[in-house]
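In case you want the letters, here they are:
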Amino acid sequence: MIMIFGVPGPLLFGQLLLGLINGAFYAMLSLGLAVIFGMLNIINFAHGALFMMGAFAAWMLLNYVGIGYFPALILAPLLVGIFGVIIEKTIISRLYKLDHLYGLLLTFGMSLVIEGLFRNAYGSSGLPYRIPDILQGATNLGFMYMPNYRGWVVLAAMVVCFSTWAIIEKTSLGATLRAATENAPLVQAFGVNVPRLITLTYAGGVALAAFAGVLAAPIYSVNPNMGSNFINTVFAVVVIGGMGSIMGSILTGFGLGVVEGLTKVFYPQASATVVFLVMVIVLLVRPRGLFGKAA
Amino acid sequence: MFGFSRAQSIAFILMVVLIAVCPFVLYPVFLMRVLTAALFACSFNLMIGYVGLLSFGQAAFFGMGSYVAAWTMKAWHVDASVAIVLGGLTGAALGLVLGYLAIRRSGIYFAMITLALAQMVYFFCLEAPFTGGEDGIQQVPRGHLFGLIDLNNDMTMYWVTAAVFIGGFLLVHRIIHSPFGQVLKGIRENEPRATSLGYRTDDYKLIAFVLSCMIAGVAGGTKALVFGIATLTDVHYSTSGEVVLTTLLGGLGTVFGPAVGALVVTSMENYLAQFGAWVTVTQGAIFMICVLAFRRGIIGELGAFLKISL
């Protein structure tokens, strides 16, 4: 058996893979938060609840309608995205003229309502979601056995993250979006429907959370608390990365997942807190965050 | 005295009378829950209402105060008064460290950082041996205050809790109406201007944060004394959310808002407890209604209606 730093190779790579998976979720969630914050100037506290709704949507599609995993990967984000459009249009849009903190409080209240309703309907013990047949089993990579589904999650998350980056940085829609983030009234003067753009941005960020939720469904049990377990760490990730750059959110998310995985190998007691410790160090050394713009 | 206006003096006397009369009508243990929640909300209000910083990690200071008070009473058999003081000191010390980090950012980042730091404290309490993990510290003896007054009687305990609350309430009010408090309000309104006038705004914010955390620690210590228990719920972020709700509902930046909010939220929890997760749904709904239509809160609206500042 190969030993690396006194640790068996398969253990190290196994934890690294787990770290990458957590990192994939951090990246997708903090990316959505950053996109929404850039456009709407609110921190979407309901992001964890919407992630959970994505997982539940996949479970419901399977158990009530008989729609499997791969169609759900498209349909669940679409459904949750439509839900996002409705709440942005009816509720969140009323807050744009107020202090940003009200947006935080409102979406916090929203997450309590959503999680409470799901807890009433489905309990908090969690519902199983089967890994699709094609992704069952594991592959021998030579240095370790990789469960196929976990490899798929990392791959899918990377594709989605980099597509989002490409849309925002490389397309004309993305250019309009970035322009509206900088100066909304000016972009509106050019004839762009900015309120619609805002709604679509919110829906997009929310759909990203729901997509992450579907990916998470077979790994964690589908339960009403699955989002709130993640979201506090994701906030630390956002503080570490700073919300200035899309690529920054992606890299910080994956990077911190890996750091967490490595901590599990070398000092397991600290694995739950290591992301927060990194945040403390970043605040001391570079308060605006690794990729943040100067205030 | 204490910078009360005429209307506020009348409201204060009314509050003291209510505190004195209520235990003869209502269950004292319930009222003690209200009073500790009210003191906790007063500590939060000091930050959001007068410095303009939304701390989403207030439970860390409340919970650590509660743990330290419970542990010292159970393991060292310290006097109840010492335990409460230790709870306050714990809150202040933790507030100094976490505040030093958090005030480096403001606005929405401050909220996220305090939330994340509080989550770190939560994980610490989950792992640390002295907190008793999932079980918490249970069956903490109330003992005798100053070695003389038997606190096992609920009525006696109630008067002590009431005294702690009124003391904390007056302290917050005194802080706000001191020259120091005026500078805080100046920072809230226009920080660059306060800086240009020569105030070290970060120092002021940090001192206010430490004071707020100290009072939260006192509230936590008192809670541990009253109920003889300190658990992970005290440091959980839902407790932080609850104190935000309490203050928002009562009225951010009002003198009596936190107390009124605590009465409403605690009563609601009491009556809705049998309906399981509906408590959470109701709290969330109240949050949303407050933000959308009722931003001044109960006392803020009442004050606006009567054209006085309460």
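Residues numbered from 1 in each chain as written. Chains lettered and ligands numbered in written order. Predicted model: local features only at pLDDT ≥ 70, side-chain atom pairs only at ≥ 80, totals over all residues. Heavy atoms only, no water.

Details of the overall build of chain B
The helix and strand tally for chain B stands at 13 helices and 2 strands. Taking 310 residues into account, the globule formula puts the C-alpha radius of gyration at 19 Å, and chain B, at 19 Å, falls close to it. The dimensions of chain B, computed from C-alpha atoms along their principal axes, are 50 × 40 × 40 Å. Considering chain B as a whole, with its 310 residues, one finds that 59% of them fall into the buried category. Here chain B displays about 12600 Å² of accessible surface, and carbon together with sulfur accounts for 66% of that area. Charge centroids of chain B, computed over 16 positive and 14 negative side chains, lie 13 Å from each other. (Helix = DSSP H or I, 4+ residues; strand = E, 2+ residues; numbered from the N terminus. Rg over C-alpha atoms; globule rule 2.2 N^0.38 Å. Buried < 20%, exposed > 50% of the residue type's maximum accessible area, 1.4 Å probe, protein only. Areas by Shrake-Rupley, 256 points an atom, 1.4 Å probe, with all protein chains shown as cover. Lys, Arg positive; Asp, Glu negative; His and termini not counted. Charge placed at Lys NZ, Arg CZ, Asp CG, Glu CD.)

Some words on the overall build of chain A
Within chain A, the regular secondary structure consists of 11 helices and 4 strands. In terms of overall size, chain A behaves like a compact globule, its C-alpha atoms giving a radius of gyration of 19 Å where 295 residues would be expected to give roughly 19 Å. Along the first, second and third principal axes, the C-alpha atoms of chain A reach 65 × 50 × 35 Å. Counting the 295 residues in chain A, one finds 55% classified as buried.

Comments concerning the pattern of salt bridges
All names here are of chain B. Here the structure, examined in full by the defined rule, presents 9 salt bridges over all chains. For Glu269, the salt bridge is made with Arg33, and the minimal N-O distance between the two is 2.9 Å. Of this pair, Glu269 sits in helix α11 (residues 257–272) while Arg33 sits in helix α2 (residues 28–50), and the two are 236 residues apart along the sequence. Residue Arg33 is classed as partly exposed on the basis of its relative accessible area of 28%. (Salt bridge = Lys/Arg side-chain N within 4 Å of Asp/Glu carboxyl O.)

A look at a nonpolar patch on the surface
Residues and elements named next belong to chain B. A cluster of nonpolar residues, Ile13, Val17, Val21, Phe24, Val25, Leu26 and Trp159, forms a patch on the protein surface that exposes about 700 Å² of accessible area. At 3 residues, helix α1 (residues 6–21) tops the list of elements feeding residues into the nonpolar patch. Inspection of the secondary structure puts Val21 in helix α1. (Patch = residues over 30% accessible without salt bridge, like charges linked within 9 Å, V, L, I, M, F, W, Y side chains within 5 Å.)

Quick notes on the packing of aromatic side chains
One pass over the structure, following the stated rule, counts 36 aromatic pairs over all chains. Pairing Phe12(B) with Phe169(B) gives two aromatic rings, centres 5.9 Å apart and planes at 15 degrees, and the pair type is stacked. With a gap of 157 residues between them, Phe12(B) in helix α1 and Phe169(B) in helix α6 (residues 154–176) connect regions that are remote in the sequence. The structure contains a cluster of three or more aromatic residues connected by ring pairs, namely Phe25(A), Tyr26(A), Phe51(A), Tyr220(A) and Phe230(A). For Arg295(B), the ring lying beneath its charged end belongs to Tyr102(A), and the centroid distance is 5.8 Å. (Phe/Tyr/Trp six-rings, centres within 6.5 Å; stacked < 30°, edge-to-face > 60°. Lys NZ or Arg CZ within 6 Å of the ring centre and 35° of its normal.)

Focus on the interface of chain B and chain A
On the chain A side, the residues contacting the 39 residues of chain B number 42 residues. Between chain B and chain A, roughly 3600 Å² of surface is buried when both sides are summed, and carbon and sulfur atoms account for 82% of that area. Considering only the surface of chain B that becomes buried against chain A, Ile108(B), Met112(B) and Met288(B) emerge as the three largest contributors, covering 17% of it. Connecting chain B to chain A are 0 salt bridges. In terms of residues, the side of chain B that touches chain A owes the most to one element, helix α5 (residues 107–127) of chain B, which gives 13 residues. (Contact = heavy atoms within 4.5 Å. Buried area = accessible area lost by both parts, 1.4 Å probe.)

Some points on the side chain of Asn45(B)
Residue and element names in this part refer to chain B. Inspection of the secondary structure assignment puts Asn45 in helix α2. Of the residues examined, Asn45 reaches a relative accessible area of 4% and is grouped as buried. Within the structure, the side chain of Asn45 is placed 2.8 Å from the backbone nitrogen of Gly253, a separation counted as a polar contact. For Asn45, the side chain forms a polar contact with the main-chain oxygen of Thr254, separated by 2.9 Å. When neighbours within four sequence positions are excluded, Asn45 is seen to be in contact with Tyr50, Thr247, Gly251, Leu252, Gly253, Thr254 and Pro258. (Polar contact = N/O pair within 3.5 Å; in protein donor to acceptor, adjacent residues only side chain to side chain.)

Topic: helix α8 (residues 194–216) of chain A
Helix length check: α8(A) (23 residues) gives 33 Å between terminal C-alpha atoms against 33 Å at 1.5 Å per residue, within 8%. Among the 23 residues of α8(A), 19 are classified as buried, and the element is accordingly described as predominantly covered. (Expected span 1.5 Å × (residues − 1).)

A closer look at the environment of Ala41(B)
Residue and element names in this part refer to chain B. On the secondary structure map, Ala41 appears in helix α2. Look at Ala41 and you get buried, because its relative accessible area is 0%. Measuring from C-alpha to C-alpha, the distance between Ala41 and Tyr122 comes to 20 Å, with 81 residues separating the pair along the chain.

Brief notes about the environment of Ala72(A)
All names here are of chain A. Relative to the elements of secondary structure, Ala72 occurs in helix α3 (residues 69–90). Looking at Ala72, the relative accessible area reads 0%, which means it is buried. Residues Ala72 and Leu215, 143 residues apart in the sequence, show an inter-C-alpha distance of 9.9 Å. Sequence-distant contacts of Ala72, that is, excluding residues within four places in its chain, are made with Ala58, Leu61, Ile67, Pro77, Tyr129 and Val214.

Regarding unusual backbone geometry
All names here are of chain B. Phi at Gln139 is positive, roughly 50 degrees, even though this residue is not glycine. Note that Gln139 resides in the loop between α5 and β1 (144–145). Of the residues examined, Gln139 reaches a relative accessible area of 69% and is grouped as exposed. Even without a glycine there, the phi angle at Lys307 is positive, about 60 degrees. Along the chain, the position of Lys307 falls in the segment after α13 (297–306).

Remember that the coordinates give geometry; whether it matters functionally is a separate question.
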